[in-house]
Amino acid sequence: MRSKVAKKIQSETPEELRIFVRQYTDIIIRINELIKAKGYTQKDLAEKLNKRPSEINRWLKGNHNLTLKTIAKLEAQLGEPIIYVKKAS
């Protein structure tokens, strides 16, 4: 059971923030799955993307907002889609 404080915080959290946190978490989990599947370390990925390992770490800790361009670079390097958007019919 959630505490009254937790319920109050959740009720006061804007819906768009809840969506953002869920989506960001899903993206980070997906990136980590792909890194692991490729057998890369964060340092390996940093070298392949010509970035500092600390920057990769900030991305994967949620301390830096990922742009669509960054996600595209990650997809290109990791060879798999990170996010999927259903195409209109």
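Residues numbered from 1 in each chain as written. Predicted model: local features only at pLDDT ≥ 70, side-chain atom pairs only at ≥ 80, totals over all residues. Heavy atoms only, no water.

1. A word on the layout of surface pockets
Reported here for the largest pocket is a volume of approximately 190 Å³. Taken together, Phe20, Gln23, Tyr24, Ile27, Asn65, Leu66, Ile71 and Ile83 form the lining of the largest pocket. For the lining of the largest pocket, the element with the most residues is helix 2 (residues 15-38), which contributes four residues. Looking at the lining of the largest pocket residue by residue, the classes come out as six nonpolar, two polar and no charged. (1 Å grid on protein atoms, 1.4 Å probe; cavity = no way out; pocket = protein on both sides within 12 Å on 5 of 7 lines; lining within 4 Å. Points joined across faces, edges and corners; volume = space filled by probe spheres on them. Helix = DSSP H or I, 4+ residues; strand = E, 2+ residues; numbered from the N terminus. Nonpolar A, V, L, I, M, F, W, Y, C, P; charged D, E, K, R; others polar.)

2. Topic: the confidence of the model for the protein chain
Per-residue confidence for the protein chain averages 90 on the pLDDT scale, and 98% of its residues sit at or above 70. Within the protein chain, the element-level pLDDT minimum falls on helix 1 (residues 4-12), averaging 79, and the maximum on helix 5 (residues 68-78), averaging 95. (pLDDT = per-residue confidence, 0-100.)

3. Things to note about the pattern of salt bridges
A side chain of one charge can pair with a side chain of the opposite charge if their charged atoms are brought near each other. A complete count under the given rule lists three salt bridges for this structure. Residues Arg30 and Glu33 are paired through a salt bridge, measuring 3.9 Å at the closest nitrogen-oxygen approach. Of the two residues, Arg30 and Glu33 are both situated in helix 2; the distance of three residues between them amounts to about one turn of the helix. Under the relative-accessibility criterion, Glu33 is labelled partly exposed at 44%. (Salt bridge = Lys/Arg side-chain N within 4 Å of Asp/Glu carboxyl O. Buried < 20%, exposed > 50% of the residue type's maximum accessible area, 1.4 Å probe, protein only.)

4. Here's the deal with the nonpolar core
One finds Ile31, Leu45 and Leu66 to be the most contacted residues of the largest nonpolar core, which totals 18 residues. When residues of this core are traced back to their parent elements, those giving at least two are helix 2, helix 3 (42-49), helix 4 (53-61) and helix 5. If you tally residues by element for this core, the top one is helix 2, at six residues. Beyond its immediate sequence surroundings of up to four residues, Ile31 is in contact with Leu60, Leu66, Leu74, Leu78 and Ile82. (Core = buried A, V, L, I, M, F, W, Y, C linked by side-chain atoms within 4.5 Å. Contact = heavy atoms within 4.5 Å.)

5. So, unusual backbone geometry
Of note, the phi angle at Asn50 is positive, near 60 degrees, even though the residue is not glycine. Tracing the backbone shows Asn50 in the loop between helix 3 and helix 4.

6. Describing the environment of Gln10
With respect to the secondary-structure elements, Gln10 resides in helix 1. Note on Gln10: relative accessible area 32%, which makes it partly exposed.

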